[in-house]
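Observations on the model geometry
Okay, here's what each chain looks like letter by letter:
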Amino acid sequence: MRCSHFLLAHLKETPSDAELISHQLMLRAGLVRKLASGLYTWLPLGLRVLRNVEACVREEMNRIGAQEILMPTVQPAELWKESGRWDKFGPELLRFQDRNKHEFCLGPTHEEVITDLARRELRSHKQLPIILYQIQTKFRDEIRPRFGVMRAREFLMKDAYSFHLTKECLSNTYQAMRGAYQTIFTRLGLQFRMVKADSGTMGGNLSHEFHVLANSGEDTLIYSTESDFASNINCPEVRHLKEGERSPDGEGILSIAKGIEVGHIFQLGTKYSESLKATVLNEKGEAPVLTMGCYGIGISRIVAAAVEQNHDPAGIIWGDALAPFQVIIVPIGFHRSREVQGISEKLYADLIQSGWTVALDDRAESPGVLLATSDLIGIPHRLVVSEKTLAQNSVEYRHRKTKQPQLILLSDLHRFLQAQLATS
Ligand SMILES: Nc1ncnc2c1ncn2[C@@H]1O[C@H](COP(=O)(O)OP(=O)(O)OP(=O)(O)O)[C@@H](O)[C@H]1O
Ligand SMILES: [Mg+2]
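Conventions we followed
- Residues numbered from 1 in each chain as written.
- Chains lettered and ligands numbered in written order.
- Predicted model: local features only at pLDDT ≥ 70, side-chain atom pairs only at ≥ 80, totals over all residues.
- Heavy atoms only, no water.
- 1 Å grid on protein atoms, 1.4 Å probe; cavity = no way out; pocket = protein on both sides within 12 Å on 5 of 7 lines; lining within 4 Å.
- Points joined across faces, edges and corners; volume = space filled by probe spheres on them.
- Nonpolar A, V, L, I, M, F, W, Y, C, P; charged D, E, K, R; others polar.
- Donors = N, O, S within 2.8 Å, 3.2 Å for Na, K, Ca; no water.
- Buried < 20%, exposed > 50% of the residue type's maximum accessible area, 1.4 Å probe, protein only.
- Patch = residues over 30% accessible without salt bridge, like charges linked within 9 Å, V, L, I, M, F, W, Y side chains within 5 Å.
- Areas by Shrake-Rupley, 256 points an atom, 1.4 Å probe, with all protein chains shown as cover.
- Salt bridge = Lys/Arg side-chain N within 4 Å of Asp/Glu carboxyl O.
- Helix = DSSP H or I, 4+ residues; strand = E, 2+ residues; numbered from the N terminus.
- Near = heavy atom within 4 Å.
- Polar contact = N/O pair within 3.5 Å; in protein donor to acceptor, adjacent residues only side chain to side chain.
- Phe/Tyr/Trp six-rings, centres within 6.5 Å; stacked < 30°, edge-to-face > 60°.
- Core = buried A, V, L, I, M, F, W, Y, C linked by side-chain atoms within 4.5 Å.
- Domains from an automatic or database assignment.
- Contact = heavy atoms within 4.5 Å.
- Buried area = accessible area lost by both parts, 1.4 Å probe.
- Pairing = 2+ DSSP bridges.

Observations regarding empty space enclosed by the protein
- Tallied over the full model, the rule gives one cavity of 30 Å³ or more.
- In this structure, the largest cavity occupies an estimated 70 Å³ of space.
- As for the largest cavity, its lining consists of L20, F147, M150, R151, S216, G217, E218, D219, G259, I260, E261 and R301.
- Of the residues that constitute the lining of the largest cavity, the class distribution is four nonpolar, three polar and five charged.

Okay, structure coming up:
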């Protein structure tokens, strides 16, 4: 990407209506723009990050054998009446009529639609277990949309649903999904915690949330300093517990932290399959209702959560997995020095050829502006090319996080970058 032709929509001023640092930085770095309350456009830079999250989630879903589908955003009211949620869901469900006066809603989640699909398409126990997932836009008319894409009205979610004949089978898939979630959040370089959750309006019995730890988080978590014990404070079973007490499992002391919910998995059981009468034939020729699980990840919220966790006064600090570009080349004197221009262009072409994602900041701006932009947008690996560095057959390398500049010989650069990417 050449910065001169890229929609680098960064802002000098911090937008006054953005409270949260991630919201400020996502606007300032030009990742998103607000259209209306809770509705955001993803700009080219932001979309690249969003796609990186998607790709990681997709890979890990496919790895555990989940199959990708894509369901409509618009859902018929009949299905929601069948499940009983048309009346229960409240004003978060955006309802409307088509020209024939048929009622519809914008999907805030897809249990009804997927259960309808399952009752039509699944015939025999031999097809089970099966996991279907999608990465798709959800709409929830949130009472308080805020913090940018963190709590939007329209947002991108990965939602997966599994179907089983027995609780044991559901439990196995649930474990696999838990593992996949742990892999995803680890790969994305997030500090997170899995906690026991209240199943709330989704119904069902067992559920866990995944939280990115951040002081600005809207949820409160209580966890043991020594064991795996961790729960959302909303859970009825833990409401009486206090910070500093002994953990209920006897190991360690209870501590409290704030978290941003980025994932939520549920053992639904038969809640939706019973109301929608989704059955399959078992070995005995009987037709029991399906047992279900559902598993969500807030794809767009993850981008905000990652910024919330990784930034400094100069801007965003992307890890390699999320970065919109892995490497940025910042030439000092691109439009003045043929040598700087020539080497920068060659480096740009070579690095792309080797498979890196690379930005070349070829704008006619002052060195100060170029360096500030690269810090603000948070590209992890920065190469400064100037007459001074070239006099030593080198470029100056700096990692966005460690901030220690070092001169690297041009002849060593490929090997050096390879090693950086392997270790960072
Ligand atoms: N308004 C929203 N904006 C962005 N992401 C959201 C929003 N609501 C939910 N998500 C994401 O979708 C995931 C799955 O949805 P789920 O139904 O569990 O959300 P939720 O529990 O209602 O979220 P919250 O408690 O934050 O309102 C959540 O873990 C979260 O990461
Ligand atoms: Mg939730």
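Remarks on the layout of surface pockets
- Put simply, the second largest pocket is a space of about 320 Å³.
- Looking at the second largest pocket, it is lined by 17 residues, and the ones nearest its centre are G189, W318, G319, D320 and K401.
- Looking at the lining of the second largest pocket, its residues break down into seven nonpolar, seven polar and three charged.

Observations concerning the coordination of the magnesium ion (ligand 2)
- Protein ligation of the magnesium ion (ligand 2) involves E261 (OE) and H264 (ND1), the donor distances falling in the range 2.2 to 2.3 Å.
- Of the residues examined, E261 reaches a relative accessible area of 23% and is grouped as partly exposed.

Some thoughts on a nonpolar patch on the surface
- Judged by side-chain polarity, V74, L94 and F96 come together as a nonpolar surface patch covering roughly 200 Å² of accessible area.
- Note on placement: V74 falls in strand β4 (residues 74-76).

Describing the site of ligand 1
- Close to ligand 1 lie 14 residues, the nearest being E142, R151, A152, E261 and R301.
- In the environment of ligand 1, an oxygen atom lies 3.2 Å from a nitrogen or oxygen atom belonging to the side chain of H264.
- Relative to its free-state accessible area of 580 Å², ligand 1 is covered by the protein chains to the extent of 86%.
- For the shell around ligand 1, the residue count by class is six nonpolar, three polar and five charged.

Some details on the packing of aromatic side chains
- Tallied over the entire structure, the rule returns 10 aromatic pairs.
- Each ring, one from F6 and one from F325, has its centre 5.9 Å from the other, and the planes form 75°; the classification is edge-to-face. One end of the pair, F6, is in the segment before α1 (21-28); the other, F325, is in the loop between β16 (315-316) and β17 (327-331), and 319 residues separate them in sequence.
- Residue class for F6 comes out buried when judged on its relative accessible area of 18%.
- Of the residues examined, F325 reaches a relative accessible area of 2% and is grouped as buried.
- With 5.7 Å between their ring centres and 50° between their planes, F185 and F192 make a pair best called tilted.

A short note on the nonpolar core
- One finds M61, Y181, F185 and W318 to be the most contacted residues of the largest nonpolar core, which totals 68 residues.
- Formed jointly, this core draws a minimum of three residues from each of two domains, domain 1 (3-312) and domain 2 (325-423).
- In contact with W318, other than residues within four places in its own chain, are L31, V49, V303, A306, V307, A323, P324, I377, G378, I379 and P380.
- By size, the runner-up hydrophobic cluster in this structure holds 26 residues, among which are A77, V113, I114 and L268.

Considering the domain arrangement of the protein chain
- We note that the domain assignment places domain 1 (3-312) and domain 2 (325-423) within the protein chain.
- For domain 1 and domain 2, the distance between their C-alpha centres works out to 38 Å.
- Listed as interface residues are 13 residues of domain 1 and, on the opposing side, 12 residues of domain 2.
- Here domain 1 and domain 2 share an interface that buries about 1,000 Å² over both sides, 62% of which is from carbon and sulfur atoms.
- Considering only the surface of domain 1 that becomes buried against domain 2, C3, R48 and D312 emerge as the three largest contributors, covering 44% of it.
- At the boundary of domain 1 and domain 2, one finds two salt bridges.
- For R400, the salt bridge is made with D312, and the minimal N-O distance between the two is 2.7 Å.
- Linking domain 1 to domain 2 there are five residue pairs in polar contact (both at pLDDT 80 or more).
- Contributions of two or more residues to the side of domain 1 that touches domain 2 are made by α1 and α2 (44-63).

Some thoughts on the pairing of strand β20 (residues 394-399)
- Counting buried residues in β20 gives five out of six residues, a clear majority hidden from the surface.
- As judged from the four bridges shared by strand β19 (residues 381-385) and β20, these two strands associate in the antiparallel manner. The partner of L383 across the bridge, within β20, is Y397.
- The loop that links β20 with its antiparallel partner strand β21 (residues 406-409) comprises six residues; one of these, K403, has a positive phi angle of about 65°.

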